[in-house]
Each structure stands twice: as C-alpha cells, then as structure tokens.
Amino acid sequence: MKEDQFRTLYKKAVDSMKPGEEMKKELIDKLEQQQERKRPRKTVYIAASIVLAAGIGLAAPNIWQQLNGQSTQGQIAQVTPGPSQPDNSGTNASGSIVIPKLELPDTKSGVMADMIALVVYKDNIYTQSATRINAADAAALRGDKLGRTTGGIDEWSGKDKYIELASNIGETDIYSIKGYDSNFLIMSYSEINGEVFAELYEHTNGITVNSGDDLFGKLNLEGRITSAQWESFDSWNNGQQQYTPLADDEALNGFVKALQTAKPLAAESLTAQGIYDSEDRKVLYLQLEDNARVELTLFGEGLVHYGQAPVFFEVESGAFQQLWDSMKP
Amino acid sequence: MQRSMTRPGNHVIKSYEIYADMLFRIALVHLGSRQDAEEATQDTFIKLIEKAPKFIDAEHQKAWLIRVITNHCKTLLGRGWRKREVKLENAEPIAVDTPEDLALLQLVMAMPMKYKTVIHLYYYEDYPIQEISKILQISQSAVKMRLQRGRQLLKLELEGVESQ
C-alpha cells in the first residue's frame, strides 16, 4: 500500500472509533468520588454540583464564563516532564567522551527500558544501526554466522533477560559483515518466502571516544564513498525523503577527513542546551562501495551526530562550512 | 506554586470536550478494548486534576495528555493486566464503519507498542518526527527508526522513493 493511501484510510478508520456517552458520566462520577475523599462534606456537595452541572451542560452561561475564566488562568507555566533519557556519558580530563555500557535496567527500580531494536552479543548490547543496507545487497555482505537470536526482551525486561543473543527483534540469524569488525557491526538476516529481511546493529556503548576516528574509523569511510546525498530538515522531519545529490567531491572529501579528527562532545549537555530544538540541521547520506548507506546529522553549529551514540563531534570549521554551504537545493 | 483551580473538575471538563476523542483513540489502538480505552482516558483526566500541571499553551497540554495516556497504556500492558486484550480475536468488537476499516485497525493494533505509538502519532495526528520525539521523550533517531520499522511491518511503500 502506498503511504498516502494508508494515511487516508487509517484516518478514516480511526475517525470511526468514538467513545460512548457513558465515558463522560463515569468520569464525572470518578471526580465526585475523588473529591469526596479529599474534601470536607459541605464543600463536596457544592463542588460536585458545579462539576456535574458543567459536565452535563446544565450550567448557566455566566457559570460557564466563570469556570472558563478560571481554567484559562490556570493554564500557564509548569509542566511535569517525565524522567529524561538516561545519558551518563561524560567528558574526562583528556577531553575524551566515555560512553557507558548499555544495560537493561534493574526492574526492581521500576524503570522501564526505552525500547529500540537491540541484540545482545558477546555480553554487549547492539542497537539498530544508522548505517543501512538494502535487502538485495545483504546476502553479499554476509560473513560468518554468529548465532540465532532468541527474542524475549521487551519494555519490561530486566537484567535477568540480558543473556547471549537475546533480542527484541524476534528469532533471526545473526551474521558478521564482510569488511567490518563484529565488535562494532553485525547483521540480522532471514529469508521468509524468498523475501530477505536484513538489518544492521552496532555496538557504540561501553567505549571511550577520543576523536571521530573512534567511531567513524570503524565504518572505513575514507576512500570508500561512491556517492552522497543530503536531505533538508523539513524533508527529514516530515518523512518526505527528498534527497539531493551532493556534487562537490572536494568539500565532501575534506569533511570526511576532518571527521576522523573531530573533537567529541558529550550529548547530555548539548541536549540540555536545546540543540534539538533548532531546525538548523541537514542529514547527509554516504553511499559506500559495498552499498551500505551511512546517515549523519549535521547541525548548523558545526556539529555532527551519528546513530544512537550519545556523543556529538565538532568538525574543523573550515571543512564543515565548505560542505554545509555546498548543500543547496 | 498556585494551584490551577479552586473547583477541581471544571477545566478538566473543558479539556475533556477538546481531547477526549483523541485520547480514547490512542488508548484503543494500544489496548484493543473499548472498555479499557475508556477507563484509560478517564484515568488520564484524573491525572490532569491530580498533577495540576500548568501549560504554556494548548499544544503543550495536548502533548502532555498524549504522553500520559501512552505511558499509562504501557504500564497497563506491562503489568500483564488484561492479557486477554492483547489477543484481538478475543477482544470485544470495535465499532467501525466498514470491515476494511476494522482490518486496517487490527493491522496497526497487532503491532508492537513501540511501533504503533509512533505510527499513530505520525499518520493520524500528523505530528512530525521532531514533535513525536518531544512528546514521547525519546530521541529523534529512535522515532525515525520506529517509523521505519513500522512501515516495514505494515508493508508501506513510500511514494516515489526507495524504501529501505
């Protein structure tokens, strides 16, 4: 099914689901019960009467105005945001970034894992990679079979589920990938009715990042890029996938070279400062000679981010700016 | 801090009129049962009273409500509460206009929670990825990946572009 067709049909289907009239009455009952528990009885009758009257539309217009006026006054300022994402990466004295080992939470603490596709391999958690391959190219990249996942991890899994080849992607075979270190990148691969399903998973936690080379060096980018495209933030943000070819080889080569020596910066402080609030971003797609496609996010501040790793890279400004300026529609 | 109201319930009823249908639909997609979805919707409005958060604007309140009901559904399903509801064939019939509507809804409802949340917010509520990231308080790349995986599960083709 085409995406636009799905959107239209899904909206129509969802629109047809409506709550019953009782839902509102039951809510009012619950509110009354709640107030009864909390308030002296004399106040309860008054408050409940107003709520009930407002709820069933019997309140006089002047009461509605009064209530609405009060509610407007109440709708300012403090929010109760949920807990922020765990991000304990830190900068040590030498300026390198230590990305802590990713672990499933202790369920006794009541914390639930924020789920992304993951596989446990050699006691490490591999998460879905920002480097992708087309299904048609997967077979050629397959190396040795490393095992078969068992599934079993979900949002509520704790450390007891952290066993070799456990995953949240169901049962599938796991392979090494030709040309890549399996300590960094592995592949899930299965064929169902002749159709290939393949995804890459990368290990970017439990590592110390001294420079861009510690991450991008594992992708062997230099000399292997066959083409590049970029996408505007607006296209990316709305899933439009409007790619523009990048023609300036010199700018790209200079950028990729500078990426290797880029300075790592902890994601936590940049995120707190609101780096994601800005839309001054472009997404760069690098097509490699083995048909893998690497996705990098460039921020107008001169920073680069890759995948799930909680680290940004500050690229030498001249190299960054030359590439940035070449990204024009 | 000044509490938002002296008569608990009045602004909640106003919010109910605006957001109840939206929240009910989110809950129904997640829980698969009308009764459970109605209870989850009611619980969300009760939380609105209990927490009494103050909002910058209507969009801020809407995002808060979506986050609360999504997390509430996640908690309910995680407790193993009403396990039977996960099996759609045992759930009470959902009233929709046509069998095609029902088939499409069941397709989405059968998806793992992490995917259907993003699929619903993207395709029904028309939120862009950046907004979904803020509402669910997950990274934008996680939203992107869930959207991509969700599309694969739904076997959606993107118009005029490669689908990876």
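Here the residue index of a chain counts from 1 through its sequence in written order. Lettering of chains starts at A and numbering of ligands starts at 1, both following the order in which they are written. Reporting of local features is limited, given that this is a predicted model, to residues whose pLDDT is at least 70; pairs of side-chain atoms are given and counted only at 80 or more, and all residues count toward the totals for whole chains, interfaces and linings.

J.: Even after reading the chapter, I still don't get the overall build of chain A, so can you show me in this structure?
T.: The way it works is that DSSP assigns letters per residue, a run of H or I at least four long becomes a helix, a run of E at least two long becomes a strand, and they are numbered from the N terminus. Along chain A, the regular secondary structure elements total ten helices and 19 strands. Buried residues are those with 20 or more other C-beta atoms within 10 Å of their own C-beta, exposed residues have 12 or fewer, and partly exposed residues lie in between; C-beta atoms are placed from the backbone. Counting only residues that meet the buried cut, chain A has 33% of its 329 residues in that class. For chain A, restricting intrachain contacts to residue pairs at least 6 apart in sequence, the fraction spanning at least 24 positions comes to 65%. What counts as a contact here is a pair of residues whose C-beta atoms, placed from the backbone, lie within 7 Å.

J.: What exactly am I supposed to notice about the packing of helix 6 (residues 129-136) of chain B against helix 7 (residues 140-154) of chain B here?
T.: Angle between the axes and distance between the axes are the two parameters that describe a pair of packed helices. Residues and elements named next belong to chain B. Across the interface, helix 6 lies against helix 7 with an axial gap of 8 Å and an inter-helix angle of 110°. Regarding the angle of helix 6 to helix 7, the classification is roughly perpendicular. The element helix 6 and its partner helix 7 pack so that their crossing is right-handed. Contacts from Ile129, Gln130, Ile132 and Ser133 in helix 6 reach Gln140, Val143, Lys144 and Leu147 in helix 7. Amino acid classes used here: Ala, Val, Leu, Ile, Met, Phe, Trp, Tyr, Cys and Pro are nonpolar; Asp, Glu, Lys and Arg are charged; the rest, including Gly, are polar. For the contact of helix 6 with helix 7, the per-class residue count stands at four nonpolar, three polar and one charged. Axis definition: a line fitted to C-alpha atoms, limited for helices to the stretch in contact. Angles are taken between N-to-C directions and run from 0 to 180 degrees. Every angle not falling under 35 degrees, over 145, or within 65 to 115 is termed oblique; those three ranges are roughly parallel, roughly antiparallel and roughly perpendicular. A crossing counts as left-handed when the near helix is turned anticlockwise from the far one by less than a right angle, and as right-handed when that turn is clockwise.

J.: Sorry if this is basic, but what is going on with the pairing of strand 16 (residues 281-288) of chain A here?
T.: Regular strands show a simple pattern: their side chains alternate between the two faces of the sheet. Residue and element names in this part refer to chain A. With seven bridges joining them, strand 13 (residues 225-232) and strand 16 adopt antiparallel strand pairing. Among the inter-strand pairings, Trp230 is bridged to a residue of strand 16, identified as Leu284. When DSSP finds at least two bridges between two strands, those strands are taken to pair. In terms of strand pairing, strand 16 meets strand 17 (residues 293-299) through seven bridges, oriented antiparallel. Paired with Arg281 across the two strands is Phe299, which belongs to strand 17. The hairpin turn running from strand 16 into strand 17, its antiparallel successor, is four residues long, and Asn291 in that turn takes a positive phi close to 75°.

J.: Quick question: what am I supposed to make of the environment of A:Asp144 here?
T.: Residues and elements named next belong to chain A. As for its position among the elements, Asp144 is in strand 6 (residues 142-148). Since 10 C-beta atoms lie within 10 Å of it, Asp144 is described here as exposed. Put simply, Asp144 and Ser176 are 32 residues apart on the chain and 5.3 Å apart in space, counted from C-alpha to C-alpha. Apart from the residues within four sequence positions on either side, Asp144 is in contact with Tyr175 and Ser176.

J.: How should the confidence of the model for chain B be read in this particular structure?
T.: Predicted coordinates in regions of low pLDDT should not be interpreted in detail. Residue and element names in this part refer to chain B. What pLDDT reports is the predictor's confidence in each residue, on a scale of 0 through 100. Here chain B averages 78 in pLDDT, while 77% of its residues score no lower than 70. In the model, residues 1-8 has pLDDT below 50 throughout and makes 17 contacts with residues more than four positions away in sequence or in other chains. The low-confidence segment residues 81-91 (pLDDT under 50) makes 15 contacts with residues lying over four places distant or belonging to another chain. As a predicted assembly, this complex carries a pTM of 0.61 together with an ipTM value of 0.85.

J.: Looking at this model, I keep getting lost on the confidence of the model for chain A. Mind explaining?
T.: Residues and elements named next belong to chain A. Averaged over all residues, the pLDDT of chain A is 78; the fraction at 70 or higher stands at 75%. Segment residues 39-87: pLDDT under 50, and 67 contacts once partners within four positions in sequence are set aside and those in other chains are kept. Confidence over residues 109-114 falls short of pLDDT 50; this stretch has eleven contacts with residues more than four positions distant or in other chains.

J.: How do you make sense of unusual backbone geometry when you look at a structure like this?
T.: Note on backbone geometry: most residues besides glycine have negative phi, and most peptide bonds are trans. Residues other than glycine seldom take positive phi values, yet A:Asp123 does so here, at roughly 70°. On the neighbour-count criterion, A:Asp123 (10 C-beta atoms within 10 Å) is exposed. Of note in the backbone geometry, B:Gln137 takes a positive phi value of approximately 55° without being a glycine. Structurally, the position occupied by B:Gln137 is in the loop between helix 6 and helix 7.

J.: What exactly am I supposed to notice about the nonpolar core here?
T.: If you look at soluble globular proteins, the nonpolar side chains tend to sit buried side by side. The nonpolar core is taken to be a set of buried Ala, Val, Leu, Ile, Met, Phe, Trp, Tyr and Cys residues joined by way of C-beta atoms within 7 Å. Formed by 117 residues in total, the largest nonpolar core has its most connected members in A:Phe255, A:Val304 and B:Ala27. The leading source of residues in this core is helix 1 (residues 10-31) of chain B, at twelve residues. What A:Val304 contacts, discounting residues up to four positions off in sequence, is A:Leu259, A:Ala262, A:Leu296, A:Thr297, A:Leu298, A:Phe312, A:Phe313 and A:Val315.

J.: What should I look at first to understand the packing of helix 8 (residues 249-260) of chain A against helix 10 (residues 317-326) of chain A in this one?
T.: All names here are of chain A. Where helix 8 contacts helix 10, the axes come no closer than 8 Å and their chain directions differ by 140°. On the basis of their axis angle, the class for helix 8 and helix 10 is oblique. Of the two elements, helix 8 crosses helix 10, and the hand of that crossing is left-handed. Taking contact as the criterion, the partners of Ala251, Leu252, Gly254, Phe255 and Ala258 in helix 8 are, on helix 10, Ala319, Phe320, Gln322, Leu323 and Ser326. Its residues assigned to classes, the contact of helix 8 with helix 10 shows seven nonpolar, three polar and no charged.

J.: In this structure, what is going on with helix 2 (residues 34-51) of chain B? I would like to understand it.
T.: An α-helix turns once every 3.6 residues. As a result, residues three or four positions apart point the same way. All names here are of chain B. By definition here, a helix of n residues has an expected span of 1.5 Å times n minus one. Between its first and last C-alpha, helix 2 extends 25 Å over 18 residues, near the 26 Å set by a 1.5 Å rise per residue. Residues Arg34, Asp36, Ala37, Glu38, Glu39, Ala40, Thr41, Gln42, Thr44, Phe45 and Leu48 constitute the buried set of helix 2. Phi for Ala52, located one or two positions after helix 2, is positive at around 45°.

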